[in-house]
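Each chain, letter by letter, is given below.
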Amino acid sequence: MMRSTVIRLIIAFILLPPSIGLSARAPVSEATEACLGCHSSLHPGIVEEWQKSRHARVAPRDALREKPIARRISATDIPDRLKYVSVGCAECHTLRVEHHADAFIHNEVEIHVVVSPRDCAVCHVTEADEYAENIMAHARGNLVDNPVFQDLQLSIIGTPVMSDAGIRYEPADADTRAEACEYCHGTRLVHKGMETRNTDMGEMEFPRIDGWPNQGVGRINLDGSLGSCAACHTRHAFSIEAARKPYTCGECHVGPDVPAYKVYTASKHGNIFSAAGADWDFAAVPWTIGKDFTAPTCGACHMSLLVNTDGQTVVQRTHAMSDRLAWRIFGLPFSHPHPRRPETSIIRNRDGLPLPTDFDGTPASEFLIAPLEQETRNRTLQAVCLGCHGKAWVDGHWKRFENTLETTDRDILTATRLMEEIWARGYAQGLAQQASPFDEAIERTWCDSWLFYANTVRFASAMAGGGDFGVFADGRYQLSRRIRELADELALRKRLFPPPEPITRNGAPRRAADPGGRIALRR
Amino acid sequence: MMRSTVIRLIIAFILLPPSIGLSARAPVSEATEACLGCHSSLHPGIVEEWQKSRHARVAPRDALREKPIARRISATDIPDRLKYVSVGCAECHTLRVEHHADAFIHNEVEIHVVVSPRDCAVCHVTEADEYAENIMAHARGNLVDNPVFQDLQLSIIGTPVMSDAGIRYEPADADTRAEACEYCHGTRLVHKGMETRNTDMGEMEFPRIDGWPNQGVGRINLDGSLGSCAACHTRHAFSIEAARKPYTCGECHVGPDVPAYKVYTASKHGNIFSAAGADWDFAAVPWTIGKDFTAPTCGACHMSLLVNTDGQTVVQRTHAMSDRLAWRIFGLPFSHPHPRRPETSIIRNRDGLPLPTDFDGTPASEFLIAPLEQETRNRTLQAVCLGCHGKAWVDGHWKRFENTLETTDRDILTATRLMEEIWARGYAQGLAQQASPFDEAIERTWCDSWLFYANTVRFASAMAGGGDFGVFADGRYQLSRRIRELADELALRKRLFPPPEPITRNGAPRRAADPGGRIALRR
Amino acid sequence: MMRSTVIRLIIAFILLPPSIGLSARAPVSEATEACLGCHSSLHPGIVEEWQKSRHARVAPRDALREKPIARRISATDIPDRLKYVSVGCAECHTLRVEHHADAFIHNEVEIHVVVSPRDCAVCHVTEADEYAENIMAHARGNLVDNPVFQDLQLSIIGTPVMSDAGIRYEPADADTRAEACEYCHGTRLVHKGMETRNTDMGEMEFPRIDGWPNQGVGRINLDGSLGSCAACHTRHAFSIEAARKPYTCGECHVGPDVPAYKVYTASKHGNIFSAAGADWDFAAVPWTIGKDFTAPTCGACHMSLLVNTDGQTVVQRTHAMSDRLAWRIFGLPFSHPHPRRPETSIIRNRDGLPLPTDFDGTPASEFLIAPLEQETRNRTLQAVCLGCHGKAWVDGHWKRFENTLETTDRDILTATRLMEEIWARGYAQGLAQQASPFDEAIERTWCDSWLFYANTVRFASAMAGGGDFGVFADGRYQLSRRIRELADELALRKRLFPPPEPITRNGAPRRAADPGGRIALRR
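Residues numbered from 1 in each chain as written. Chains lettered and ligands numbered in written order. Predicted model: local features only at pLDDT ≥ 70, side-chain atom pairs only at ≥ 80, totals over all residues. Heavy atoms only, no water.

## Description of the overall build of chain A
Move 1: A count of helical and extended segments in chain A gives 23 helices and 11 strands.
Move 2: Here the C-alpha atoms of chain A give a radius of gyration of 26 Å, agreeing with the 24 Å that 2.2 N^0.38 yields for 523 residues.
Move 3: A fraction of 58% describes how many contacts in chain A between residues 6 or more apart in sequence connect residues 24 or more apart.
Move 4: When the accessible surface of chain A is summed, it comes to about 20,900 Å², and 56% of that surface belongs to carbon and sulfur atoms.
Move 5: Each charge class in chain A was averaged separately, 59 positive and 65 negative side chains, and the resulting centres sit 6 Å apart. (Helix = DSSP H or I, 4+ residues; strand = E, 2+ residues; numbered from the N terminus. Rg over C-alpha atoms; globule rule 2.2 N^0.38 Å. Contact = heavy atoms within 4.5 Å. Areas by Shrake-Rupley, 256 points an atom, 1.4 Å probe, with all protein chains shown as cover. Lys, Arg positive; Asp, Glu negative; His and termini not counted. Charge placed at Lys NZ, Arg CZ, Asp CG, Glu CD.)

## Considerations on the interface of chain C and chain A
Move 1: Listed per partner, the contact involves 65 residues of chain C and 67 residues of chain A.
Move 2: Carbon and sulfur atoms supply 60% of the area that chain C and chain A bury against each other, a total of about 5,800 Å² over both sides.
Move 3: Here chain C is connected to chain A by 37 residue pairs in polar contact (both at pLDDT 80 or more).
Move 4: Counting residues per element, the ones that place at least two in the side of chain C that touches chain A are helix H1 (2-15), helix H17 (268-276), helix H20 (391-424), helix H21 (441-462) and helix H22 (476-496) of chain C.
Move 5: At 16 residues, the largest contribution of residues to the side of chain C that touches chain A is made by H20(C). (Buried area = accessible area lost by both parts, 1.4 Å probe. Polar contact = N/O pair within 3.5 Å; in protein donor to acceptor, adjacent residues only side chain to side chain.)

## Some words on the interface of chain A and chain B
Move 1: Taken residue by residue, the interface counts 65 residues in chain A and 66 residues in chain B.
Move 2: On the surface where chain A and chain B come into contact, there are five salt bridges.
Move 3: Between B:Glu179 and A:Arg476 there is a salt bridge, with the nearest N and O atoms lying 3.0 Å from each other.
Move 4: Where chain A touches chain B, the interface holds 37 residue pairs in polar contact (both at pLDDT 80 or more).
Move 5: Among the secondary structure elements, those contributing two or more residues to the side of chain A that touches chain B are helix H1 (2-15), helix H17 (268-276), helix H20 (391-424), helix H21 (441-462) and helix H22 (476-496) of chain A.
Move 6: If one sorts the elements of the side of chain A that touches chain B by residue count, H20(A) sits on top with 16 residues.
Move 7: Residue composition of the side of chain A that touches chain B, grouped by class: 26 nonpolar, 22 polar and 17 charged. (Salt bridge = Lys/Arg side-chain N within 4 Å of Asp/Glu carboxyl O. Nonpolar A, V, L, I, M, F, W, Y, C, P; charged D, E, K, R; others polar.)

## Some thoughts on the nonpolar core
Move 1: Within the largest apolar cluster, 137 residues are counted, with the highest numbers of intra-cluster contacts made by A:Trp446, B:Trp446 and C:Trp446.
Move 2: Ranked by size, the runner-up nonpolar core spans 23 residues in total, among them B:Phe282, B:Ala284, B:Phe293 and B:Cys301. (Core = buried A, V, L, I, M, F, W, Y, C linked by side-chain atoms within 4.5 Å. Buried < 20%, exposed > 50% of the residue type's maximum accessible area, 1.4 Å probe, protein only.)

## Points about the packing of aromatic side chains
Move 1: All chains considered together, the criterion is met by 63 aromatic pairs over all chains.
Move 2: On the numbers, 5.7 Å between centres and 55 degrees between planes, the contact of C:Phe472 with C:Tyr477 is tilted. Accessibility classification places C:Phe472 together with C:Tyr477 in one group, the buried group.
Move 3: Connected via pairs of aromatic rings, a cluster forms that spans A:Tyr247, A:Tyr261, A:Tyr264, A:Phe273, A:Trp280, A:Phe282, A:Trp287 and A:Phe293.
Move 4: Over the aromatic face of B:Phe282 sits the side chain of B:Lys245, whose NZ or CZ is 5.0 Å from the ring centroid.
Move 5: Here the basic side chain of B:Arg444 rests over the ring of A:Tyr477, its NZ or CZ set 4.4 Å away from the ring centre. (Phe/Tyr/Trp six-rings, centres within 6.5 Å; stacked < 30°, edge-to-face > 60°. Lys NZ or Arg CZ within 6 Å of the ring centre and 35° of its normal.)

## Overview of the sheet that holds strand S7 (residues 287-288) of chain C
Two strands in a sheet stick together by hydrogen bonds in their backbones, pointing the same way (parallel) or opposite ways (antiparallel).
Residues and elements named next belong to chain C.
Move 1: Read from one edge to the other, the open sheet built from three strands follows the order S7-S8-S9, with strand pairing classed as mixed. In this open sheet, the two strands that pair with only one neighbour each are S7 and strand S9 (313-315).
Move 2: Bridge count for S7 against strand S8 (residues 306-307) is two bridges, and the pairing is parallel. Counterpart to Thr288 in the pairing with S8 is Val307. (Pairing = 2+ DSSP bridges.)

## Describing the relation of the copies chain A and chain B
Move 1: When chain A is fitted onto chain B, the two copies agree to an RMSD of 0.0 Å after a turn of 120 degrees and an axial shift of 0.0 Å. One copy is carried onto the other by what is essentially a three-fold rotation axis.
Move 2: When the interface residues of chain A are mapped onto chain B, a mere 3% of them again fall at the interface, so the copies present different faces. (Least-squares fit on C-alpha atoms with pLDDT ≥ 70 in both.)

## Observations concerning helix H19 (residues 371-386) of chain A
Move 1: With 16 residues, H19(A) extends 22 Å from end C-alpha to end C-alpha; this agrees with the ideal 22 Å at 1.5 Å per step.
Move 2: Every buried residue of H19(A) is listed here: A:Gln374, A:Arg377, A:Asn378, A:Leu381, A:Gln382, A:Val384 and A:Cys385. (Expected span 1.5 Å × (residues − 1).)

## Points about helix H3 (residues 44-51) of chain B
Move 1: For H3(B), the buried fraction is high: six of the eight residues fall into the buried class.
Move 2: Buried residues belonging to H3(B) abut H17 of chain A together with helix H2 (30-42) and helix H4 (54-57) of chain B.

## Digging into the pattern of salt bridges
Move 1: Inspection of the entire model under this criterion finds 102 salt bridges over all chains.
Move 2: A salt bridge links A:Asp223 to A:Arg96; the shortest N-O distance between them is 3.0 Å. Here A:Asp223 is found in the loop between strand S6 (202-210) and helix H14 (240-244), whereas its partner A:Arg96 is found in the loop between helix H7 (89-93) and strand S1 (104-106), with 127 residues between them in sequence. For the pair A:Asp223 and A:Arg96, one class covers both residues: buried.
Move 3: For B:Arg341, the salt bridge identified is with B:Glu343, shortest N-O distance 2.9 Å.

## Quick notes on the pairing of strand S4 (residues 166-170) of chain A
The side chains of a regular strand alternate, residue by residue, between the two faces of the sheet.
Residue and element names in this part refer to chain A.
Move 1: Bridge analysis of strand S3 (residues 159-163) against S4 gives five bridges, and the strand direction is antiparallel. Pairing of Val161 across the sheet is with Arg168, part of S4.
Move 2: What sits between S3 and S4 in their antiparallel hairpin is a turn of two residues.

## A look at the side chain of B:Asp409
Residues and elements named next belong to chain B.
Move 1: Along the chain, the position of Asp409 falls in helix H20 (residues 391-424).
Move 2: Here Asp409 falls in the buried class, since its relative accessible area comes to 16%.
Move 3: Discounting residues that sit within four places of it in the chain, Asp409 has contacts with Pro333, Phe334, Ser335 and Arg458.

## A closer look at the packing of H21(C) against H22(C)
All names here are of chain C.
Move 1: With their axes 8 Å apart at the nearest point, H21 and H22 run at an angle of 160 degrees to one another. By the angle between their axes, H21 is roughly antiparallel relative to H22. Remark: the crossing between H21 and H22 carries left-handed chirality. Judged by residue contacts, Ile442, Thr445, Trp446, Asp448, Ser449, Tyr453, Ala454 and Val457 of H21 engage Arg476, Gln478, Leu479, Arg482, Glu485, Leu486 and Glu489 from H22.
Move 2: Residues belonging to the contact of H21 with H22 are distributed by class as follows: seven nonpolar, three polar and five charged. (Axes fitted to C-alpha atoms, helices over the stretch in contact; angles between N-to-C directions. Parallel < 35°, antiparallel > 145°, perpendicular 65-115°, else oblique. Left-handed = near helix turned anticlockwise from the far one by under 90°.)

## Comments concerning the UniProt feature "domain: Cytochrome c-552/4" (unreviewed entry) in chain A
Move 1: Taking the numbering used here, the UniProt-annotated feature "domain: Cytochrome c-552/4" (unreviewed entry) corresponds to residues 34-124 of chain A.
Move 2: In residues 34-124 of chain A, helix accounts for 43% and strand for 7%; the two terminal C-alpha atoms are 25 Å from one another. (UniProt positions renumbered as here; feature names shortened; annotations may be inferred.)

## Let's talk about the sheet that holds strand S8 (residues 306-307) of chain B
Residue and element names in this part refer to chain B.
Move 1: Reading across from one edge, S7-S8-S9 is the order of the three strands in this open sheet, with mixed pairing throughout. Two strands close off the open sheet at either side, each with one partner strand: strand S7 (287-288) and strand S9 (313-315).
Move 2: Pairing of S8 with S9, which is carried by two bridges, proceeds in the antiparallel orientation. Note on S9: the bridge partner recorded for Leu306 is Val315.

## Observations concerning the environment of C:Ala174
Move 1: Looking at the element boundaries, C:Ala174 is found in helix H12 (residues 174-179).
Move 2: Taking the C-alpha atoms as reference, C:Ala174 lies 39 Å from C:Gln374; in sequence the two are 200 residues apart.

In structure tokens:
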């Protein structure tokens, strides 16, 4: 394929008029020229990366000339100031300054440091609007506003402190939070005034921004918007190619909690990508199945606009991942239908906890999508599969996947029952004792079972990445081991420390529907 | 290097007569044209992948014109019907329909869904015959017909159920088996009659096939043959390039049980592949050491026909991996000479168990290759090493490898002795108690020691992937830890629960040579 | 970008005079021709690799014609014998024979097998001199001459032997050491006389070399020099490209002890490398930020000579990694300022142990660099960061990193206090009992906490590889779990085995400043 590409390029080069192919570069605005004057020496990395980017080459006017299906911008009313020039430093960093708390005068121009999705929306309005409905845009709130997750977070990144009563946890500082959970979930950026710095150009003033740097998908920006387009469309190339390659998703989905990237690399799809991907066209819009690529990447299944070789649309582009997802399979003990709303901290289960299922796996259905919507989403995703596979193949795959959701949920129910008995007998301190259910060693054995191993089994199933990730690599081998560790530890404790008094059922946290349970989580 | 390739291509293009280089594509049969009529729109992914493949470009007649050493097909008597056209949809999916249980009439043509190695054998007979003798072709039977492995499988993928007597395991359902162990080992395909489906072309009938989809290396096909060539020569490119790259092997050999791929990536060989492989010629037949590639991939060591730059054969092509393997180093407590036959469930050790060694490591020699055959195989494999390394280097490497087999076996014997004492004292229930030796938490500590860690150490040694995989990454650090966990747990139990009665030696499973032990495994 | 490269190449090809571009290859010396006579058939892999290398193409005389900043050799007085010919077999393997214990007569020429850094220094003197001051050159001595590390090594790669008194460890044999720790740290090569071998050319004599093969960074060579340039500049291409790609570093830094490579692949930098690196120029000297590459690899941050697009030097080349490293963050319980000298076994902490901190984290300051030197090194490294990032970004990153050193050290102090109490109460046998502090299962729980998890958290912070490696992938989740395992195990033991007598403070190993502690380590 590379050879034929080369041959085609040679022919194209010979046939093309000399003016095209090497020229046709959008003019750079005067304002951006001024930026480049200093910054091309100061920060050659980002300037050169931008120089090679589509933003540097194509003015919005020319981008609008493409027919709709091939268009890379969704706004149709681009301001004249932006329309005829390349999308350079000044174009983005002076946009909507009135909305940005970090706006400041820099060399006589008012600029802001942090470009936000609402800035990008000036040209990419549909994508930005969709992304705002993406569960990822709310990744920070979904973590920070959920007391159960905050309690789990405290036990993981908090500081363990020894005391006479055992170990307690002091909250993590802001820097730790920023590079741990909030690296992916996003920090809250806060403008803290200005500071003066000595630079090669003399003294200059710059804003001080708490939470900076960060490019988490749910970052709270200084204009109040959520997320960072650069999380996937990495600065300052902002390329569709990088976003379509699996490495980008791998930044946050390495595992073992969300092992999507690892499972992909071991799947047949990942194998084809690794072996043949160097010859694919990752920049084509629309993205033609078979012609541009011969196995899906993360983007192909979950986001990209795909067409067949007749140019017919197979699936629409979306920046709200949930459009193609019927189930949520990770991060929580039990799988469940996808939440209706991207803000998940509003969910309440029967026990009043902000979780999409009870401790026995019963879904908090009013907050989750209905079966009909699940079917619609399945059909959307299956259209991608059918681009290469027959219906029997796809149906067989889906049957296995939904079966695996059932079996992993059943196993996690077993693990949870064992944990509940451990709590009930006082061998560990859980919600009923106003204590965290996540911090003790035996509680982590339970956490591992769902947070890592049931998750990995479900991902291996969903992505047909079977084999090792379904069994030996954080899969059923480890899942079954953790369940047995709970059982064997419980049996040992029962033998060593027989209960002095009868066990009451309300020792078990799934019965702890009283407010006390939630207060415990808010310590 | 890429630059010189480009320059050579330019020269080649200029010098070549215009008719060659872009044309010379095999004609497509009428039958295949009919398939493409619909399927190029329906499944553009596989159609386009095929269009770029050698199968689409070269008719068997032209493939036969190569001199023998460069030939990619081994049959010499290709039927006329296939000989002059590209190897397209109809050519493979109408082959030998009389042998395929899933054959059915589709648009007036009798076709079958699942193409098998015996179909491929029409052109690639030597490869198919060799593969039938490959232990991988028997991967399903070797798992399913071995009661010890079935017991291990039950404890891993079975459903743990809580009962008053503790945890017991219910067998996994077919869907779980298919996406867990059988993803790699292969499912048994069974034709379950026909079903009617509404399609864009109206109502049509299709076969229902249990166990589908699957591309496991030991799949039992609907013509009774074993395996799937597409496991490595991925559909529908069926390329030699993909099979020669390590990603393909990585699909099933990620680890931690068989960590070949991970060890490779961290080895010097893997480093060279990752750094320079983009410039190698993965399609050349024969494969010339140094010219086409400068470090081995999995295929180079274990399968490919290699020549030196004088065109002399260094090693013959084989599709039976065992031809170059003196030792089997994984999957079982102890390393041992490679089995004589690819069907390993026929093996019996002194205790009557279907295992290639006893619990003390003594090999079941009559089922295993003799030292002379081991020497022959070592010499075959070493010929590959000598393509880049001097004899002192290769001998030094081999000495270390065989030493590591000894030391890991010795460590595993220590782990097994500890486990036997734990069983003998009743701290866990093993074969002598008619119970599984694999399901309790402490038993998994023992399993880890050989299934993951001794394995990884042996792979790191065999593949010169030393360093981390030999020590800290599932290596000797974890192996020594697991052994110590067994010892320390035993010591704790002895202190907590001193034996009330004397320990009899026949408590230990390695003495459990009575039939009871095997019955226990067949529960 | 690839397309424009192709177009530029086409133009270049058309414009270039025919004599250049394909010719201009350095002449091969007669001596090397003689080698190639046999070895091109015998070892085509290395010969062809060399044929494609810069060493084969460019004679030192021509290498010296480059302007200083673009020069790839640092010596200016190359001997005439070497100056006008390619750098071939004979040029290196006959160099300085008088210094090599393995020198021998081979086809009437005196050669040696193992080329050493001092041989490379004939042309690359600055690099070899710098490397001799690199901590990596001393990797073997730093391991072998440090009794604490030897004790840790014994517990990991030694042979556990069951005895009535429990498990004891017999030292690992030389072959095990060579493929375990010394794979990376380096073996000691020892000439053991000559041996006669039957070859295709009849009987020939060759040296026998203990410790061969090996390419560890701290190998002790047969001329007494340290290290192997081929560890990174892999034989026989010796390319700068491979050394600049992260795979080379990954050979020894896979983790979990030093997880640099894994963290890199999941970082934004690694993502950009994976997505775009195929288009970068890894051979350019100097290496221009933005033009040649748009994200750093290991080499860019730690070794390479970088310039901006104006040609101004951003950072000087170094082969002593420590030049850009203010902190040492791995391998030992606590982080600490980088050691002054590359030989670390000379360090003594307050307790007299060869460790850079006490058991309470206090640094052995007289052996470590001072804050001023740390600042200098930080500035050097930050110059690389500033090539793409603004100052606020870099400062924010650094603040988080140094905070993480504090928090991980604080957590490890908690883990160590718990371990000390376990030792003091006799629940495990540590230094005070003349026993290894590393071999028991509970001691490994403590080791894991610093050797794997605090390390990984620090690497994730240092390399902005946050997210999973900072939390769930060998990160804070596992670190907090291990600490809790220590605490919960201690609590259980205290409940099961209350102390019969009062605990004396000198049970704790950090008080064990008496010589006994060190003797224990020398068992």
